[in-house]
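Structure at a glance
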Amino acid sequence: MNKLAESAAAFPPLPADGPPGFHLLAKPSGSTCNIDCTYCFFLSKEALYPNEKSRMSEATHEAYIRQLLESHRVPEVTVAWQGGEPTLMKLEFFKRSIELVEKYRKPGQVVQHTFQTNGILLDDDWCAFFKQHNFLVGLSVDGPRELHDAYRVDRRGQGTFDKVMQGWRSLKQHDVDFNILCTVNAANQHHGRDVYRFFRDELGAKWIQFIPIVERATEQTIAIANQGWSEQPGGKKRLLYTQTGNLVTARSVGGEQYGRFMVDVFEEWVRHDVGEVYVQLFDVTLEAYFGRHLLCIHAPTCGYGPALEYNGDLYSCDHFVEPEYRLGNIHETHMLTLVASPEQRKFGEDKRDTLTAQCLRCEVRSLCNGGCPKDRFALSRDGDAGHNYLCAGLELFFKHTMPAMQVMAGLLQQRRYPAEIMALIAADDAKRGPYHPCACGSGKKFRFCHGNSTPNSPFSGVSPAMAASQAERVTAGPIE
């Protein structure tokens, strides 16, 4: 009997009260990455495993796939890879993953494969593999060149936009399903519509996620945190990022501005793209009107999104990869036992049980549910600690979109398409007229905001030639 079989035989029976399914993020190369984004505190997690080569072994790889498939009692299972940068594991590793899925898949199980990447190493071989095995690939892009390159840089501090676009072209050429993962940060927070249009019109994106950058720090760590999460001058090791402190870095999105960014995107989407482009936050908000919470961030409780490190260590959440939230190791305790453990249950239920009084009486609580626990370090209006830093923006977004969401929910209840709202909004816009204030709340006249005379984007496009031809339209000075 090999070591893997011996380990499997040593596990006690799996808990009957474990979750029927969960979404685990596996990090086969740990926090190791081939670029050096200044806001990426995941890079600091190498401090958890000093002097180790962060690469998933064959034994851990097989244990992960086997236990993941064993754990699920629902027919659909997602094998989700991220990092760091998973392409550093080379293509052969993921070919082996496909073999392991076929080896351990239960009868009737449908396995989906997802893969989050910065796109730098994508080529014909990678993309042909993704297409062959129906991978959904998440591509990290923060908008047009000037916005993307503000923080997504290589180890020499040079922007990565052109290399990422090469990867995007390979995905398109091989017709790989992809979505865009865009962070909302201090550089792009005032450009929601421009960023969205770039993804829609130039990249042809049909699925988009917007993730707010909120980097916490203490008075003792804020100075070094503002320098980024690279190795420090003099060869000093990276500072380990933990979810502590009530300060944020200069790269972090403003709390209210995150909501304004999302409203800016929503007002463009709801006029032109309902049913054609899928924005994660909009989709899960509409589902919440029916009492279905599909995203942990805005669900009443969480705890069903653990993170697996390259060595088999399992953590409560990808945002809480730190010693206090290490549940155990899958070589020593079965994955399902760890996910169903009292510690993990408490982690998930604390999301509901630690809401501030302001949250409890909020009219959009059923949509927001206090947001992600990682962002709960601000003071509420009552002076209570543990309130969400993004509250002003979340409240703004959920209240602003409520009338349109209610209309779309009503259409669904009538077995009609939510996309019919676009004609209703067009009629309202015509009644209001082009010179009335835009509905987005920007203070601009509708014609020159979300109307037909919206100014062209000041940012350059995909290709270097397009960037050169549009450079004179880009305003000088820092991006705001």
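Thresholds applied
- Residues numbered from 1 in each chain as written.
- Predicted model: local features only at pLDDT ≥ 70, side-chain atom pairs only at ≥ 80, totals over all residues.
- Heavy atoms only, no water.
- Helix = DSSP H or I, 4+ residues; strand = E, 2+ residues; numbered from the N terminus.
- Rg over C-alpha atoms; globule rule 2.2 N^0.38 Å.
- Areas by Shrake-Rupley, 256 points an atom, 1.4 Å probe, with all protein chains shown as cover.
- Lys, Arg positive; Asp, Glu negative; His and termini not counted.
- Charge placed at Lys NZ, Arg CZ, Asp CG, Glu CD.
- Pairing = 2+ DSSP bridges.
- Contact = heavy atoms within 4.5 Å.
- Axes fitted to C-alpha atoms, helices over the stretch in contact; angles between N-to-C directions.
- Core = buried A, V, L, I, M, F, W, Y, C linked by side-chain atoms within 4.5 Å.
- Buried < 20%, exposed > 50% of the residue type's maximum accessible area, 1.4 Å probe, protein only.
- Salt bridge = Lys/Arg side-chain N within 4 Å of Asp/Glu carboxyl O.
- Parallel < 35°, antiparallel > 145°, perpendicular 65-115°, else oblique.
- Left-handed = near helix turned anticlockwise from the far one by under 90°.
- Nonpolar A, V, L, I, M, F, W, Y, C, P; charged D, E, K, R; others polar.

**Overview of the overall build of the protein**
Of regular secondary structure, the protein possesses 17 helices and 14 strands. Over its C-alpha atoms the protein spans a radius of gyration of 23 Å, differing by no more than 12% from the 23 Å that the globule rule assigns to 480 residues. Projected onto its principal axes, the C-alpha positions of the protein cover 75 × 50 × 50 Å. As displayed, the protein has an accessible area near 21400 Å², and 52% of this comes from carbon and sulfur atoms. With 52 positive and 57 negative side-chain charges, the protein shows a spacing of 2 Å between the two charge centroids.

**A word on the sheet that holds strand 2 (residues 76-81)**
Strands sit in the order 9-6-5-4-3-2-1-10-11-12 across an open sheet of 10 strands; the sheet is mixed. Across the chains shown, the open sheet's two edge strands, defined by having one partner strand only, are strand 9 (278-279) and strand 12 (326-329). In this structure, strand 11 (residues 313-315) lies alongside strand 12, joined through 3 bridges in antiparallel fashion. Across the sheet, Asp313 pairs through a bridge with Asn329, a residue of strand 12. Across the face of the sheet, helix 6 (residues 161-173) comes into contact with strand 4 (135-140) and strand 5 (178-184) while running at roughly 160° to strand 4. Strands strand 5, strand 6 (207-212) and strand 9 of the sheet are contacted by helix 7 (residues 192-202), whose axis makes an angle of about 150° with strand 6.

**A few points about the nonpolar core**
One recurring pattern in soluble globular proteins is that nonpolar side chains are buried together. Among the nonpolar cores identified, the biggest contains 122 residues, and Tyr64, Trp81, Phe199 and Phe210 are the most heavily contacted of them. Here the element with the most residues in this core is helix 15 (residues 391-413); it accounts for 9 residues. Excluding anything up to four places from it in sequence, Phe210 contacts Cys182, Val184, Val195, Phe199, Tyr258, Phe261, Met262, Val265 and Val279.

**What about the pattern of salt bridges?**
Tallied over the full model, the rule gives 31 salt bridges. Of the charged contacts, one joins Arg66 and Glu70 as a salt bridge, the two residues approaching to 3.2 Å between their closest N and O atoms. Here Glu70 and Arg66 lie together in helix 2 (residues 58-71), a separation of 4 residues that amounts to about one turn. On the basis of relative accessibility, which here comes to 31%, the residue Glu70 falls in the partly exposed class.

**As for the side chain of Asp375**
Within the secondary structure, Asp375 sits in the loop between helix 14 (365-368) and strand 13 (376-378). The exposure class of Asp375 is buried, given its relative accessible area of 4%. Beyond its immediate stretch of four places on either side in the chain, Asp375 contacts Val214, His387, Asn388, Tyr389 and Leu390.

**Focus on unusual backbone geometry**
Going from Gly83 to Gly84, the amide bond is cis rather than trans, its omega being 15°. One can find Gly84 in the loop between strand 2 and helix 3 (90-104). Its identity is not glycine, yet Asn369 carries a phi of approximately 55°, on the positive side. Relative to the elements of secondary structure, Asn369 occurs in the loop between helix 14 and strand 13. Take Asn369: its relative accessible area is 7%, and that puts it in the buried class.

**Concerning the environment of Ala426**
Take Ala426: it is sitting in helix 16 (residues 421-432). In this structure, the C-alpha to C-alpha distance between Ala426 and Val270, residues 156 residues apart in sequence, is 9.9 Å.

**Side note on the packing of helix 7 against helix 9 (residues 255-272)**
Where helix 7 contacts helix 9, the axes come no closer than 7 Å and their chain directions differ by 45°. Considering their axes alone, helix 7 and helix 9 lie oblique with respect to each other. Where helix 7 crosses over helix 9, the two elements pack in a sense that is right-handed. Mapping the contact onto sequence places Gly192, Arg193, Val195, Tyr196, Arg197 and Arg200 in helix 7 and Phe261, Asp264, Val265, Glu268, Trp269 and His272 in helix 9. For the contact of helix 7 with helix 9, a count of residues per class yields 5 nonpolar, 2 polar and 5 charged.

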